[in-house]
Amino acid sequence: MLCLPVLAGLAGTLLPAFGYLPALGGTRFTLGHFEALAAQPHILHSALISLAAGLTSTVFALLVVATFVAGFAGTRPFAFIQHLLSPLLAVPHAASAFAIAFLIAPSGFLLRLVSPEFTGFAQPPDWLIPNDPLGLSMISGLVAKEMPFLLLVMLAALPQLPLANARRLMSALGYGRISGFIIALWPLLYRQIRLPVFAVLVYSTSVVDVAMILGPRLPPTLPVRIAQWLADDDIGARFFASAGAVLQLALGLFAIVIWIGVERLGRLCHRRLSSSGKRLTEDGLVRRIAAMITTLSAAFIFTGLGLLALWSIAGLWPFPDSLPASLTFRTWQRALGVLAEPLATTITIALLSSLVALAIAIGLLSRSAHGTADRWFPVFLPLLVPEIAFVFGLQILAVMAGFSPSIATVAAMHLVFVLPYVLLSLAPPWRALDRRYEQIAAGLGKSPLKILMTIQLPMLLRACLTAFAVGFAVSVSLYLPTVLIGAGRVTTITTEAVALSSGGDRRIIGVYALLQALLPFFGFLVASLLPQLLFRHRRAMRI
């Protein structure tokens, strides 16, 4: 039943795409909707931009993170940058996209710092940044968010590798840090992270909120165009949007096929490198570049978040002034009355979906002998299928079944996406728990439920709270499932913030985007402080 929502959603998308939806008068199968889709202007350009952005951002993010891990794993700089990147996991994609937009826009902070002294600009230049036609701004936003996630999954896989022994062996054979890591450990590491890499690739090719904020406008990316067709007042446009969703599904599958080809090419290069005997000891420059890019991407997002906070309280701030002339809380006062309902809805949905996902994850892990999530492929299916390809189908099925848009239905939809991330976060610490505690308790006659409640959960409280915080952050950041299943009646901070992206009031955008970024932060803060409070008299339990 874990893969049932995805399969049902795909059915609800495929049938209308081929003309069958009796509720809207579609009673016979036809290819006419695909013909109409092919006749849309620049549809091929939209699809290619989506595909290129997904592949480019995934390749670049994986290359930088892999090089950084290969060059610095187990060192002090590695621990520093790891702690620097970790908070970025809590930043929703839309908030990070707004942060980047506030930095790189023609009237953004970066250009203000050097104007007019170095540029001569007394007014913002007429540059199409962000929303450039090549999607470079969108790619930069995707890379900045994908790198922390890929680093997280690599960190979870590293303890399962003989890192220290391999380092010593390859160093004794004269290999550099990066080449030695690639030859000895990279195949083992990539095998562990392959599924999350596919998830990143599929998400990048089908992202909607980041594309709406940073992506090209004329024409927009394919997922954005599908979202626009879904919002059309003409009910008949649902058939057309379904055909677009099927095209997006094919695009995601094609991206995976290309990636598999890249994997085979990489395997060939790995064999050549292993058999060539080249030690490549002079890798200091490459390691420094990887560390610099990783650090700069984190600093970029943090600076942008600071700008969101500054814009939310800014008074008059004309270009090219680097700082506002005055500060005021008038924007917050004006927005607080409108914010109350979306804020409460966001928190309620995130709490419901995260708590249920945590309970399911604990049940799955406690039933597994080794606490591994590898066998639960259906759980990760929502990460490997473009969300717009099945969420739209679920919306149609929900309407046909008589489910009205509500907090409960949206929370159930969020659960489909939250559960994989909660399971990915909780599985490594669950696997690392010393099984001798359970064996001793079982020897004393304790039941499995008693062992779970009195031994496993207390010892894994911090890990459970962290997994819950991850699920909470994922739920807060979900845009498309909320818009489609909520049908515009269930509004959250994220849907409101993305809706404001087309407007020009940076102050109100700063308020909404900052709130969206702060909500997950509070979740991680609770996950960090609660164990300290509960186990203040038990030093070993506070680790």
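The notes below deal with the structure included here. (Residues numbered from 1 in each chain as written. Predicted model: local features only at pLDDT ≥ 70, side-chain atom pairs only at ≥ 80, totals over all residues. Heavy atoms only, no water.)

One can find Gly523 in helix H24 (residues 506-534). Looking at Gly523, the relative accessible area reads 14%, which means it is buried. Along the backbone, Gly523 and Gly9 are 514 residues apart, and their C-alpha atoms lie at a distance of 30 Å. (Helix = DSSP H or I, 4+ residues; strand = E, 2+ residues; numbered from the N terminus. Buried < 20%, exposed > 50% of the residue type's maximum accessible area, 1.4 Å probe, protein only.)

The next thing to look at is a nonpolar patch on the surface. A cluster of nonpolar side chains, contributed by Leu14, Leu15, Phe18, Tyr20, Phe29 and Leu31, occupies part of the molecular surface with about 530 Å² of accessible area. Its location among the elements puts Leu15 in helix H1 (residues 4-17). (Patch = residues over 30% accessible without salt bridge, like charges linked within 9 Å, V, L, I, M, F, W, Y side chains within 5 Å. Areas by Shrake-Rupley, 256 points an atom, 1.4 Å probe, with all protein chains shown as cover. Salt bridge = Lys/Arg side-chain N within 4 Å of Asp/Glu carboxyl O.)

All right, on to the pattern of salt bridges then. All told, the structure shown has three salt bridges when counted by the stated rule. For Arg194, the salt bridge is made with Glu263, and the minimal N-O distance between the two is 2.8 Å. Highlighted residues: Arg194 in helix H10 (residues 186-206) and Glu263 in helix H13 (residues 237-276), separated in sequence by 69 residues. Residue Arg194 is classed as partly exposed on the basis of its relative accessible area of 32%. Among the salt bridges present, the one from Arg287 reaches Asp283, with a minimum N-O distance of 3.2 Å.

Ile193, Phe390 and Leu426 are the most contacted members of the largest nonpolar core, which has 161 residues in total. Counting residues per element, this core draws most heavily on helix H3 (residues 43-72), which supplies 14 residues. Leave out the neighbours within four places in its chain, and Ile193 touches Leu62, Val153, Met154, Ala157 and Trp186. Grouped together as the second largest cluster of nonpolar side chains are five residues, Leu461, Leu465, Ala469 and Phe535 included. (Core = buried A, V, L, I, M, F, W, Y, C linked by side-chain atoms within 4.5 Å. Contact = heavy atoms within 4.5 Å.)

Turning next to unusual backbone geometry. The step from Ser115 to Pro116 runs through a cis peptide bond, and the omega angle for that step is -5 degrees. In this fold, Pro116 is placed in the loop between helix H6 (109-114) and helix H7 (136-157). The backbone of His42 sits at a positive phi, close to 60 degrees, despite the residue not being glycine. Within the secondary structure layout, His42 lies in the loop between helix H2 (32-38) and H3. Unlike most non-glycine residues, Asn131 shows phi in positive territory, near 65 degrees. A residue is classified by how much of its surface remains accessible, and Asn131, at 14% relative accessible area, is buried.

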